[in-house]
Protein chains: 2
Amino acid sequence: MSKTTPLRRENLLSILRREELDAMLVTGESNVKYLTGFTGDSSYLLIGAGVCVVISDSRYTTQLAEECPGLDVFIRKTSEKISDSVAKVAKKAKIGRLGFEGHLMSCDLRDALGTALDKVEFRSIGGKIESELRAIKDGDEVAETIEAVRLAERGFEVMRASITPESTELALSWELERAIRMFGGKGMAFAPIVGVGDRAALPHYSPQRYAVQQSPLLLVDWGAQTYRGYRSDITRTLMTGTPTKKMEEVYNVVLEAQLKAIAAIKPGAKCADIDTIAREHIAQAGYAKYFGHGLGHGIGLDIHEQPRFSPNSIDVLQPGMIVTVEPGIYLPNKFGVRIEDDVLVTSNGHEVLTTIPKDFESMLCGA
Amino acid sequence: MSKTTPLRRENLLSILRREELDAMLVTGESNVKYLTGFTGDSSYLLIGAGVCVVISDSRYTTQLAEECPGLDVFIRKTSEKISDSVAKVAKKAKIGRLGFEGHLMSCDLRDALGTALDKVEFRSIGGKIESELRAIKDGDEVAETIEAVRLAERGFEVMRASITPESTELALSWELERAIRMFGGKGMAFAPIVGVGDRAALPHYSPQRYAVQQSPLLLVDWGAQTYRGYRSDITRTLMTGTPTKKMEEVYNVVLEAQLKAIAAIKPGAKCADIDTIAREHIAQAGYAKYFGHGLGHGIGLDIHEQPRFSPNSIDVLQPGMIVTVEPGIYLPNKFGVRIEDDVLVTSNGHEVLTTIPKDFESMLCGA
């Protein structure tokens, strides 16, 4: 991480020059992590021309030295408010115009900073770190995301191999998480969905005590997180018993929709158009009203990043973006199918990072 | 939860009358949960004289009906900004003076609301829900916290029974979490600390691949979370091999400090004084500089709530508060001992909610 964080900070400085700001106070945890490599919390980065200081507390002195060697650090006393520490550093750096993250900073912190730095002009520059920098992954980030995909896949193989008719959703989600951690992942990328039969048709389902044998279909939506914080996001819909003809038909509609959408991924493609490709395929098969969510989203330090695939998205694909492609068909009280892969936009097309097979035959795993 | 949330909302209305506010926009997730019983996210509560509406989106329509029957709900379209939805509800309710949570609300949301509701007078009323309401638990909350303690204890018994010389910190933390979930917990209350030997002396340690057999001492700091979101927080320091005389001595100093502090817990006691009781006992034994953190904190929907036990605390104990009491002695590069229980302040004293034994003999569990 230490190799590329200086470059990321240089890119931010270019944005600050364009926005005519002397410096920026970065308060978002994922944004501080992105710009410094520091994996702790409760710490801010003040960065500008001639100033680059992490403002933290004594719990993190050692960790900062290890994770961000060479970076200036201001360790505040526990009795000192973080706004006062920021003010000290900002005054010393003689900052006139200071950008901040208005979508993340609390009103009270903004007010306290305004009082402590009454000569400074503040301007919210919103989510530019997210939209202009983090949306496009550098080589280190691509490698970390591939690691997150591999961890997720290894965990899935263990879980799949352990399925019995009596396995519950809860026990399987558990097996998945255990395996990912034992292989060296920090944990799950998000609370996984493991849904048997009609449970697979519920959009925000949490694993419960339903057993695999209650239906031939099992939907698993999961991801791993690496120790440096990068995340994967995959879905497979397994056939743990003898699937119905309808299940097979719906599965193949979703798979075709996904393959068509992935095939269109390349630099310059509009995210709304990619979404439309999958949505129209599903509509033509007669399932339009059973696909209610967007086609996918960027992944990285957060599980939902830019760009977004949806009918209203104004995003355009660029090389280095990593996105999920996850169409689904959800038949209420019957079953649901979703297939999701992680895809890197390359200079002239795309590369699917997920390697688990997804053809219908490969989903058959009679428990 | 539905039985007591109306009373909680009544208590908040009293605060609003005292503060001369027509209504309050509650945006903090734990605060919305506390006042409504709703366990989802991305939802706000607008509450005042004659208005009480949860502002949410269509993902949560069913869940809100189940968890908050009878409560008014405004489901916004996904294309509508939440600030515009809040403005609609607030205008309909003819609100003149609106309180908000300045320590939690983002600057951008505050600005958007200010524009959309340009006739409304806004006033931040900070953390009053946390300090005046949530710090004192009602009967439902005490019952939920006891459930969280029981889940943590059952998980600990399973983990303890599974220890072998080869068990790693990672595998044990894993066993703990698995057991808590299989017993019906939502998960851990926080990322657990499982530290062998000198690792037990590090304040912010995460479980790694160190094996139990590398030291006779194993520190475990963990808690469970119930499905309704309440949390427990316990620490035990096990002797998995033959402890040194020094380990036994330090253990008993920490235990005596903890027992003395707990004995002084009653309504009206100053939190700073309780902290001092434990701190002085440790100092008199010659370990003053090896106990660097506060003695404890409130627990509930969040893992760190009010009140706080620390030398500078101005908090005073009241019946219904639930606090941790967790003194420790940390000898760098040698070992650390911490003992932590969850304690309810009763009308005339206290009740220790944790039931796992903590005398030195009970810690001996040769792996």
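Residues numbered from 1 in each chain as written. Chains lettered and ligands numbered in written order. Predicted model: local features only at pLDDT ≥ 70, side-chain atom pairs only at ≥ 80, totals over all residues. Heavy atoms only, no water.

Considering the side chain of Glu80(A)
Residue and element names in this part refer to chain A. Locating Glu80 in the fold gives a position in the loop between β4 (72-76) and α4 (82-92). Its relative accessible area of 15% is what places Glu80 among the buried residues. Each residue touching Glu80, except ones within four places of it in the same chain, is listed here: Phe74, Ser85 and Lys88. (Helix = DSSP H or I, 4+ residues; strand = E, 2+ residues; numbered from the N terminus. Buried < 20%, exposed > 50% of the residue type's maximum accessible area, 1.4 Å probe, protein only. Contact = heavy atoms within 4.5 Å.)

Here we look at the packing of α4(A) against helix α5 (residues 107-116) of chain A
Any two packed helices are characterised by how steeply their axes cross, that is the angle between the axes, and by the distance between the axes. Residue and element names in this part refer to chain A. One can describe the packing of α4 onto α5 by two numbers: an axis separation of 9 Å at closest approach and a directional angle of 45°. Of the possible angle classes, the one that applies to α4 and α5 is oblique. As α4 runs across α5, the sense of the crossing is right-handed. Where α4 abuts α5, its residues Ile82, Ser83, Asp84, Val86, Ala87 and Lys91 lie against Leu109, Ala112, Leu113 and Ala116. Of the residues in the contact of α4 with α5, the class split is seven nonpolar, one polar and two charged. (Axes fitted to C-alpha atoms, helices over the stretch in contact; angles between N-to-C directions. Parallel < 35°, antiparallel > 145°, perpendicular 65-115°, else oblique. Left-handed = near helix turned anticlockwise from the far one by under 90°. Nonpolar A, V, L, I, M, F, W, Y, C, P; charged D, E, K, R; others polar.)

Re the environment of Ala112(B)
Residue and element names in this part refer to chain B. Locating Ala112 in the fold gives a position in helix α5 (residues 107-116). Of the residues examined, Ala112 reaches a relative accessible area of 28% and is grouped as partly exposed. The sequence separation of Ala112 and Gly50 amounts to 62 residues, and the corresponding C-alpha distance is 24 Å.

Topic: the interface of chain B and chain A
Each partner contributes to the interface: chain B provides 24 residues, whereas chain A provides 24 residues. Of the roughly 2100 Å² buried where chain B meets chain A, counting both sides, 60% is carbon and sulfur surface. Between chain B and chain A we count two salt bridges in total. One salt bridge in this structure joins Glu177(B) and Arg181(A), with 3.3 Å as the shortest N-O distance. There are 13 residue pairs in polar contact (both at pLDDT 80 or more) connecting chain B and chain A. Those elements giving two or more residues to the side of chain B that touches chain A turn out to be α5 and α8 (169-182) of chain B. Of the residues forming the side of chain B that touches chain A, the biggest block, seven residues, is contributed by α8(B). When grouped by side-chain class, the residues that make up the side of chain B that touches chain A number 11 nonpolar, six polar and seven charged. (Buried area = accessible area lost by both parts, 1.4 Å probe. Salt bridge = Lys/Arg side-chain N within 4 Å of Asp/Glu carboxyl O. Polar contact = N/O pair within 3.5 Å; in protein donor to acceptor, adjacent residues only side chain to side chain.)

A short note on the environment of Pro267(B)
Residue and element names in this part refer to chain B. Relative to the helices and strands, Pro267 is located in the loop between α9 (245-263) and α10 (271-284). With relative accessibility at 25%, the residue Pro267 sits in the partly exposed group. Those residues in contact with Pro267 that lie beyond four places of it in its chain are Leu317, Pro319, Val345, Thr346, Ser347, Asn348 and Gly349.

A look at the sheet that holds strand β9 (residues 217-222) of chain B
Residue and element names in this part refer to chain B. Ordered by their spatial adjacency, three strands build an open sheet running β8-β9-β11, and the pairing between neighbours is antiparallel. Each edge of the open sheet carries a strand with a single partner, namely β8 (193-196) and β11 (234-239). When strand polarity is set aside, the average angle formed by the axes of neighbouring strands in this sheet is 10°. Strands β9 and β11 of the sheet are contacted by helix α7 (residues 139-162), whose axis makes an angle of about 20° with β11. Here α8 sits on the sheet and contacts β8 and β9; the angle it forms with β8, its principal contact strand, is near 150°. (Pairing = 2+ DSSP bridges.)

Quick look at the relation of the copies chain B and chain A
Note: a rotation about an axis with an accompanying shift along it relates these two copies of the chain. Superposing chain B onto chain A requires a rotation of 180° together with a translation of 0.1 Å along the rotation axis, leaving an RMSD of 0.0 Å. On this basis, the relationship between the two copies can be described by a two-fold rotation axis. (Least-squares fit on C-alpha atoms with pLDDT ≥ 70 in both.)

Quick word on unusual backbone geometry
A cis amide bond links Gln306(A) to the next residue, Pro307(A), at an omega of 0°. Within the fold, Pro307(A) resides in strand β13 (residues 305-309). The phi angle at Glu20(A) is positive, at roughly 55°, despite the residue not being glycine. Examined against the element boundaries, Glu20(A) turns out to sit in the loop between α1 (5-18) and β1 (23-26). Relative accessible area serves as the criterion here: at 55%, Glu20(A) is assigned to the exposed category. A positive phi angle, near 55°, is found at Ser42(B), a position not held by glycine. Within the secondary structure, Ser42(B) sits in the loop between α2 (29-36) and β2 (44-48). Taking the relative accessible area as the measure of exposure, Ser42(B) reaches 36% and is therefore partly exposed.

Some remarks on helix α4 (residues 82-92) of chain B
Every α-helical turn comprises 3.6 residues, leaving residues that sit three or four positions apart pointing alike. Residues and elements named next belong to chain B. Those residues of α4 lying buried are Ile82, Ser83, Ser85, Val86, Ala87, Val89 and Ala90. Tucked inside the fold, the buried residues of α4 contact β1 (23-26), β2, β3 (51-57), β4 (72-76) and α5. Positive phi appears at Lys94, one or two residues downstream of α4, with a value of about 50°.

Observations regarding the pattern of salt bridges
In the structure shown here, the tally under the stated rule is 40 salt bridges over all chains. Of the charged contacts, one joins Lys119(A) and Asp118(A) as a salt bridge, the two residues approaching to 4.0 Å between their closest N and O atoms. In this pair, the class of Lys119(A) matches that of Asp118(A), namely exposed. Connected through shared salt-bridge partners, Arg18(B), Glu19(B), Arg123(B), Lys128(B) and Glu132(B) make up one network.

By themselves, these figures tell us nothing about what the structure is for.
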